[in-house]
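Coordinates in review
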Amino acid sequence: MAQIGCYVPCENCVLSVVDIIFTRLGATDRIMTGESTFYIECTETASVLQNATQDSLVILDELGRGTSTFDGYAIAYAVFRHLIEKVNCRLLFATHYHPLTKEFASHPHVKMQHMACAFKSKSDGYFKCDEELVFLYRLASGASPESYGLQVALKAGIPENTVMVASKASQQMKKSIGTSFRSSEQRSEFSTLHEDWLKTLVSFSLIQDCKSFNEDDLDSLICLWYELKAAFGSGKQRCSVAGRVGSRI
């Protein structure tokens, strides 16, 4: 905001100038030219991947929402990982893909944050649908525990009986893929970057004769040591994953 000349609503500001600001926000299509919402989303993301540098600021909102859940998640995962591990730019990445937050929960370059909310009781009922969702407009630490889609649906005017049916269907879906949910929970302790580091160390451990080490091998070990030192010694993080609360209303 400061860089583009806007008022910054804070007590103090430390400004680190970026070379360019990329944003991939909103949802638009061009029906007359045969370009779907997802196609435009991909072309704009391609521009980011082709031109972003370490000194850029990138803001991506709900990448992958315009296609199937699995394809959308895969694209969001690949783009996010490339930007934080290859480009290493400053990045704000908002997503509803909760497994994605688990996948990168322990990544040293990632900090999880979400927009806080609270529930206000409307009756003496026992269901979440009997509580009103209140947005607090406050940034909180950690990934969002839920999407709160059912509460947002109620707030938008969808009939309560329809939302109750949706709630039962949601519980059934969670039970049917419970194994995957537990697997994603375990991933939060072991990030993608840790995985790459471990693969490198394992590959060196398989070398039985130290005399067979060449200069490239030694350079790789030194680079790995510097990566580990930079990641855990400085304690700095360049990227945030914001877990969104429900849909826009």
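The structure displayed is predicted, hence computed values, not measured ones.

Scanning the chain from N- to C-terminus turns up eight helices and six strands. Listed by position from the N terminus, the elements making up the chain come as β-α-β-α-β-α-β-β-α-α-α-α-α-β. Buried positions account for 29% of the 249 residues belonging to the chain. The contacts of the chain with a sequence gap of at least 6 include a subset with a gap of at least 24, amounting to 67%.

When the UniProt feature table is mapped to this numbering, "domain: DNA mismatch repair proteins mutS family" (unreviewed entry) covers residues 56-72. Secondary structure within residues 56-72 divides into 24% helix and 29% strand; the distance between the first and last C-alpha atoms comes to 24 Å.

Bringing the packing of aromatic side chains into the picture now. Under the criterion given, the structure shown has five aromatic pairs. With 5.6 Å between their ring centres and 40° between their planes, Tyr77 and Phe104 make a pair best called tilted. On the criterion of sequence distance, the pair formed by Tyr77 in helix α2 (residues 69-87) and Phe104 in the loop between α3 (98-103) and β4 (110-121) is long-range, its members being 27 residues apart. Overall, Tyr77 belongs to the partly exposed group, its relative accessible area being 22%. Classification of Phe104 as buried rests on a relative accessible area of 0%. Ring-pair connections join several aromatic residues into one group, and the members of that group are Tyr77, Phe80, Phe93 and Phe104.

A word on the nonpolar core. Ranked by internal contacts, the top residues of the largest apolar core, which has 20 residues, are Val58, Leu60, Phe80, Leu83, Leu91, Phe93 and Phe104. The set of elements that each furnish at least two residues to this core consists of β2 (57-61), α2, β3 (90-95) and β4. Among the elements that take part in this core, α2 stands out by supplying six residues, more than any other. Setting aside residues up to four positions removed in sequence, Leu60 forms contacts with Arg24, Val79, Leu83, Leu91, Leu92, Phe93 and Ala94.

One turn of an α-helix holds 3.6 residues; hence residues three or four places apart share an orientation. Compared with an ideal rise of 1.5 Å per residue, which puts 15 residues at 21 Å, helix α1 (residues 37-51) spans 22 Å between its outermost C-alpha atoms and is within 8% of the ideal. Among the residues making up α1, those that are buried are Ile40, Glu41, Thr45 and Val48. In a view along the axis of α1, the buried residues occupy a sector of 130°, so they form one face of it. Here the buried face of α1 lies against β1 (21-24), β2 and α2.

An ideal rise of 1.5 Å per residue puts 27 Å on 19 residues; α2 measures up with 26 Å between its terminal C-alpha atoms. Every buried residue of α2 is accounted for by Gly72, Ala76, Val79, Phe80, Arg81, Leu83, Ile84 and Val87.

All right, on to unusual backbone geometry then. Although it is not a glycine, Tyr137 sits at a positive phi angle of roughly 50°. Following the sequence through the fold, Tyr137 ends up in strand β5 (residues 131-141). At Tyr148, a residue that is not glycine, the phi angle is positive and equals roughly 60°.

Counting across every chain of the model gives five salt bridges. Of the charged contacts, one joins Glu44 and Arg24 as a salt bridge, the two residues approaching to 2.6 Å between their closest N and O atoms. Taken as a pair, Glu44 in helix α1 and Arg24 in strand β1 lie far apart in primary sequence, 20 residues in all. On the accessibility criterion, Glu44 (30% relative accessible area) is partly exposed. When the shortest N-O distance is used, the salt bridge between Arg65 and Glu41 registers 3.8 Å. Taken as a pair, Arg65 in the loop between β2 and α2 and Glu41 in helix α1 lie far apart in primary sequence, 24 residues in all. Sharing partners across several salt bridges, the network here consists of Arg24, Glu41, Glu44 and Arg65.

Parameters at a glance
Residues numbered from 1 in each chain as written. Predicted model: local features only at pLDDT ≥ 70, side-chain atom pairs only at ≥ 80, totals over all residues. Heavy atoms only, no water. Helix = DSSP H or I, 4+ residues; strand = E, 2+ residues; numbered from the N terminus. Buried < 20%, exposed > 50% of the residue type's maximum accessible area, 1.4 Å probe, protein only. Contact = heavy atoms within 4.5 Å. UniProt positions renumbered as here; feature names shortened; annotations may be inferred. Phe/Tyr/Trp six-rings, centres within 6.5 Å; stacked < 30°, edge-to-face > 60°. Core = buried A, V, L, I, M, F, W, Y, C linked by side-chain atoms within 4.5 Å. Expected span 1.5 Å × (residues − 1). Arc of directions from axis to C-beta. Salt bridge = Lys/Arg side-chain N within 4 Å of Asp/Glu carboxyl O.

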